[in-house]
Structures are given as structure tokens and as C-alpha cells.
Amino acid sequence: MSNNTKPLILGVSGASGLIYAVRAIKFLLEADYSIELVASKSTYMVWQSEQEIRMPPEPTGQEQFWREQAGVALSGKLRCHPWGDVGAGIASGSFATLGMIIIPCSMSTVAKLAVGLSSDLLERAADVQLKEGRKLVIVPRETPFSLIHLRNLTSLAEVGVRIVPAIPAWYHNPQTIEDLVDFVVARALDQLDIDCIPIQRWQGRH
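Here the structure is a predicted model, which is why all the values come from computation and not from measurement. (Residues numbered from 1 in each chain as written. Predicted model: local features only at pLDDT ≥ 70, side-chain atom pairs only at ≥ 80, totals over all residues. Heavy atoms only, no water.)

Q: Can you help me understand the packing of aromatic side chains in this one?
A: When we look at a pair of aromatic rings, we describe it by the centre distance and by the angle of the planes. Within the structure shown, the criterion is met by 4 aromatic pairs. With a centroid separation of 5.8 Å and 65° between ring planes, the pair formed by tryptophan 47 and tryptophan 66 is classed as edge-to-face. A residue pair is termed long-range when its members are at least 10 positions apart, and tryptophan 47 in helix H2 (residues 41–51) and tryptophan 66 in helix H3 (residues 59–70) qualify at 19 residues. Owing to a relative accessible area of 3%, tryptophan 47 belongs among the buried residues under this scheme. Aromatic side chains tyrosine 171 and phenylalanine 183 sit 5.7 Å apart centroid to centroid with 85° between the ring planes, which places their arrangement in the edge-to-face category. (Phe/Tyr/Trp six-rings, centres within 6.5 Å; stacked < 30°, edge-to-face > 60°. Helix = DSSP H or I, 4+ residues; strand = E, 2+ residues; numbered from the N terminus. Buried < 20%, exposed > 50% of the residue type's maximum accessible area, 1.4 Å probe, protein only.)

Here it is, written out as C-alpha cells:
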């Protein structure tokens, strides 16, 4: 199976900043990637709180929901999983993937991953990436970090998790909120060797 046909697992946890997930989905689908998406239970509440939008609980409704949010009707492949379906394919190490990105990633999710807890499908899928030695990227969206947060993040880094905080740069001369968000998403996808976002990269001084 080539990398072009392997899916990428995209986890969405209940951290603020769901626009990061929406923009990641947009660019991945437009680049014709296959996405296996799982949103945690608290994601439903965050959508309601931040956007006053209700996210459908059933997988088919969620697929349409995410495509509408991302503005991509047909490109790529998107399959959504209920957060409680720990028997889904992505919960098994025999399910071949490009890796997994959790965007945004809450500190609760970070803590559970750091100590090996898997209470839902998102956490189980991430734990599988760790035990199989596959790529796992997290985009924590929290400030400030407490010492507990930092210790949990260190534990994940020590086992190979790539940590890309939602901290944008300014050298690309951002003009919109989307420019700031896209920079973070692009740097996160870089960790998975995925280059599908047209951002201005640092060229050095001339």
C-alpha cells in the first residue's frame, strides 16, 4: 500500500480553536488525502460554545458538517467515527495509516496520552500510533502551560510525539486570522511529511 492510499487519522479534542481542525481538513481534502476523523465528546460542547453550532452525532451527518465548515464538498475522502466506538478500525494496530494528528489538542488529552489511558476512540487511536511506533503530532492550544502540562508534554516528546503548539509566526506577513492559523497547520503537517498548504516559508536574508 502506497502512502498516497493510506489514510491520516485526524483527532479533534475539546480545546478551544476548532478553526485549526477546519483548516487542516480543508487543505487535506483539497489535496485528495483520505482522512479518518474522530472528535472527542467535549468537541460537541466547544462547537456550541464558540460558534453556537450543533455538531451532528452520527457519522454521516458529521462528514457533511465538516465538509461544510471546510468548504470542500467532494475532494478527498472523509470518514467520521463516533467518539465512543473503540472497536473502529483506527483502534487497531493492523490498520495502516500515515500517522495521526490531534488538532487542537486539549491538556486533558495530553495528560491521558502521557499516562497511557484510553477512555475513548481518539485516545485509543493515538495510543495505537505510539505502540506501533508511528507518527503522532499534537497541536496543544492552551496558555499558560502549568508545570503539570509541561511534564506531560515532555513525557510525550520523550516517546517521539511531535509537539507543535498553536503559536503562529509573523515573518510571512499574515493579513488574516486564516493566515495565522494556516501557518500553524502547515508546520504541524510538515511533521507528517505532508506539504499541501501554500504558505510563505522562511527564505533567509538575501
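Q: Just to check I follow, could you spell out the pattern of salt bridges for this structure?
A: Should their charged atoms come close, side chains of opposite charge can pair. Summed over all chains, the structure comprises 9 salt bridges. With its nearest N and O atoms 3.6 Å apart, the salt bridge here joins arginine 67 to glutamate 63. Note that arginine 67 and glutamate 63 are positioned in helix H3 at a spacing of 4 residues, about one turn of the helix. (Salt bridge = Lys/Arg side-chain N within 4 Å of Asp/Glu carboxyl O.)

Q: Honestly, the nonpolar core in this entry has me stumped. Any pointers?
A: Soluble globular proteins tend to bury their nonpolar side chains together. Ranked by internal contacts, the top residues of the largest apolar core, which has 45 residues, are Leu10, Leu37, Trp66, Ile101 and Leu189. Looking at this core, the element that brings in the most residues is helix H1 (residues 19–30), giving 8 residues. Counting 20 residues, the second-largest nonpolar core is a separate cluster that includes Val110, Leu113, Ala125 and Leu136. (Core = buried A, V, L, I, M, F, W, Y, C linked by side-chain atoms within 4.5 Å.)

Q: How do you make sense of the packing of helix H4 (residues 107–114) against helix H5 (residues 121–131) when you look at a structure like this?
A: Describing two packed helices takes the angle between their axes plus the distance from one axis to the other. In contact at an axis separation of 10 Å, H4 and H5 are set at 45° when each is read in the N-to-C sense. One way to sum up the angle between H4 and H5 is to call them oblique. Between H4 and H5 the crossing geometry is right-handed. Every residue of H5 that contacts H4 at Thr109, Lys112 and Leu113 is listed here: Leu122, Glu123, Ala126 and Asp127. Tallied by class, the residues present in the contact of H4 with H5 amount to 3 nonpolar, 1 polar and 3 charged. (Axes fitted to C-alpha atoms, helices over the stretch in contact; angles between N-to-C directions. Parallel < 35°, antiparallel > 145°, perpendicular 65-115°, else oblique. Left-handed = near helix turned anticlockwise from the far one by under 90°. Contact = heavy atoms within 4.5 Å. Nonpolar A, V, L, I, M, F, W, Y, C, P; charged D, E, K, R; others polar.)

Q: Whenever I open this one, the UniProt feature "binding site: FMN" (unreviewed entry) in the protein confuses me. Can you help?
A: The sites that carry the UniProt feature "binding site: FMN" (unreviewed entry) are, in the present numbering, Gly14, Ala15, Ser16, Ser40, Ser106, Met107, Ser108, Thr109 and Arg141. Along the chain, serine 106 turns up in the loop between strand E4 (100–105) and H4. Here serine 106 falls in the buried class, since its relative accessible area comes to 13%. Ignoring sequence-local partners within four residues, the contact set of serine 106 consists of Ser13, Gly14 and Ala15. Tracing the chain through its elements places methionine 107 in helix H4. (UniProt positions renumbered as here; feature names shortened; annotations may be inferred.)

Q: Can you walk me through the UniProt feature "binding site: dimethylallyl phosphate" (unreviewed entry) in the protein in this structure?
A: Annotation from UniProt places "binding site: dimethylallyl phosphate" (unreviewed entry) at Tyr171 and Arg187. Considering the C-alpha atoms alone, the annotated residues occupy 17 residues of sequence yet fold into one spot, their largest mutual distance being 13.8 Å. With respect to the helices and strands, tyrosine 171 occurs in the loop between strand E6 (162–163) and helix H7 (177–190). Residue contacts for tyrosine 171: discarding those within four places in its chain leaves Phe183, Gln200, Arg201 and Trp202.

Q: How do you make sense of the side chain of aspartate 182 when you look at a structure like this?
A: Inspection of the secondary structure assignment puts aspartate 182 in helix H7. Excluding anything up to four places from it in sequence, aspartate 182 contacts Arg23, Phe27, Ile197 and Ile199.

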